[in-house]
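Spelled out, the chains give:
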Amino acid sequence: MVLLAVLASIVGGQVTGGAVFWGGLCGVSQAFGVWWFYAALGSGPISVVSPLTAVLVAAVPVGVGLVTGERPGFIAVVGVLLALIAVVLVSREATDEDVRPHKFTATVAWLTVGSGLAFGLNFVLIHQAPTEARLWPLVFARISASVLVIAIAAVSSNLRPPTGLPLKLAVMAALLDTGANVAMLLALHASLLSLAGVLMSLYPAATVLLAIVVLRERVTRWQTVGMVLALVAVAMIAAG
C-alpha cells in the first residue's frame, strides 16, 4: 500500500470517484479471493482446488470481455483455449504433503469457486478504472484489501505481526506484488480484457518454473505439457 502510494504520487494522475470506486471494489475482490483460496487449500485436495481456481480466474475476464463486445481474432481465440488447458495442467499437484485426508466437500467447492470468481473479478473491476487516474486505483484497491484482511484476521484471532525471516519475505513479496500490480494495470489498459486476463492467469507457470530453478523441485509430465502449451498460447495470443 505504501509503495503504490509513493509510485502513484510520482507518476501523477487524477484521483476521481471512478478511481476510488473501482479500485476499492477491486481490493475487496482481492481480499476475499486470497482468503477463500487459502481456506480451500487448507481443507480440500490441492490437486482439485488449484486447477479449478486457476481456470475460473482465466474464464471470468474472457467471459466478461466477450459479453461486453470484445472480439479477438481467430488465432488469439485458439490461444485462449490452449491457455485455459495449460492453466489446468500446470496447476496440477501430484501430491499433498499433509497426511490428513482432504476431501472435496461442498464447503471446499464453494470456497474454490468463490476464490476463482473473486480473483477473476479482480481483473474485470480494475479494468473499469479510468485511465487518467493512472496508478491511483491500485492504491485504493490495496487500501480496501488491507483494511479488510486486517479486520478479518483480528476478529478471527489470526493477526500476528511477522518478525525475522517471515518479515523479510513479506517485504520481498510486497516489492514483487507492487511490480505485478502496476504491470497488470498497464496490460489491461493496453489490451483487450479477454486477452490480458487469460495471459495473466498463466501465473502458475511462473510459479512452477521458479520452483524448478530455485527449489529444485521436480515437475510432473502433465505440468511439463502445460508449460509448453502456455508458451504456445502466449505466442498465439500475441500474434492474434
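Look a little higher up for the structure.
Position numbers for residues start from 1 in each chain and track the written sequence from start to end. Whole-chain, interface and lining totals are the exception, using all residues; otherwise, since this is a predicted model, local features are given only for residues with pLDDT of at least 70 and side-chain atom pairs are given and counted only at 80 or more. Neither water nor hydrogens contribute to the side-chain values; these are computed over all heavy atoms in the structure.

**Brief notes about the overall build of the protein**
Only runs of H or I of at least four residues qualify as helices and only runs of E of at least two qualify as strands under DSSP, and these elements are numbered from the N terminus. Helices and strands together make up the secondary structure of the protein, namely 10 helices and zero strands. Listing each helix as α and each strand as β along the protein from the N terminus yields α-α-α-α-α-α-α-α-α-α. As defined in this context, the radius of gyration uses C-alpha atoms, and a globule is described by 2.2 Å times the residue total to the power 0.38. In summary, the protein has a C-alpha radius of gyration of 18 Å against a globular reference of 18 Å for 240 residues, a match within 12%. Taking the contacts inside the protein whose residues are at least 6 apart along the sequence as the reference set, 91% of them involve residues at least 24 apart. All accessible-area figures derive from a Shrake-Rupley calculation using a 1.4 Å probe, and residue coverage is judged against the displayed protein chains alone. When the accessible area of the protein is evaluated, it comes to approximately 13,000 Å², of which 73% is carbon and sulfur surface. The positive count covers Lys and Arg only, the negative count covers Asp and Glu only, and His and the chain ends enter neither. The atom standing in for a charge is NZ when the residue is Lys, CZ when it is Arg, CG when it is Asp and CD when it is Glu. Here the protein contributes 11 positive and 8 negative side-chain charges, whose respective centroids are spaced 3 Å apart. Every residue pair with non-hydrogen atoms within 4.5 Å of one another is taken to be in contact.

**What to know about the pattern of salt bridges**
Throughout this description, the term salt bridge denotes a Lys or Arg side-chain nitrogen within 4 Å of a carboxyl oxygen of Asp or Glu. Summed over all chains, the structure comprises one salt bridge. Among the salt bridges present, the one from Asp 177 reaches Arg 142, with a minimum N-O distance of 2.7 Å. Placement of the pair is Asp 177 in helix 7 (residues 164–190) and Arg 142 in helix 6 (residues 136–155), with a sequence separation of 35 residues.

**Focus: unusual backbone geometry**
Phi is positive for Arg 134, close to 55°, though the residue is something other than glycine. Within the secondary structure, Arg 134 is located in the loop between helix 5 (106–127) and helix 6. Within the chain, Ser 157 stands out as a residue other than glycine whose phi angle is a positive 60°. Turning to its location among the elements, Ser 157 is positioned in the loop between helix 6 and helix 7.

**Points about helix 9 (residues 203–213)**
Exposure categories follow from relative accessible area, calculated using a 1.4 Å probe and restricted to protein chains: below 20% of the type maximum is buried, above 50% is exposed, and the middle band is partly exposed. For helix 9, the set of buried residues is Pro 204, Ala 205, Val 208 and Ala 211. Here the buried residues of helix 9 occupy an arc of 125° about the axis, which is enough to place them on one side. Working definition: the arc comes from the directions between the helix axis and the C-beta atoms, pointing outward to the latter.

**Considering the environment of Val 48**
Relative to the elements of secondary structure, Val 48 occurs in helix 3 (residues 46–67). Residue class for Val 48 comes out partly exposed when judged on its relative accessible area of 32%. Counting along the chain gives 61 residues from Val 48 to Ala 109, while the straight-line C-alpha distance between them is 9.4 Å.

The analysis is restricted to geometry; functional conclusions fall outside its scope.
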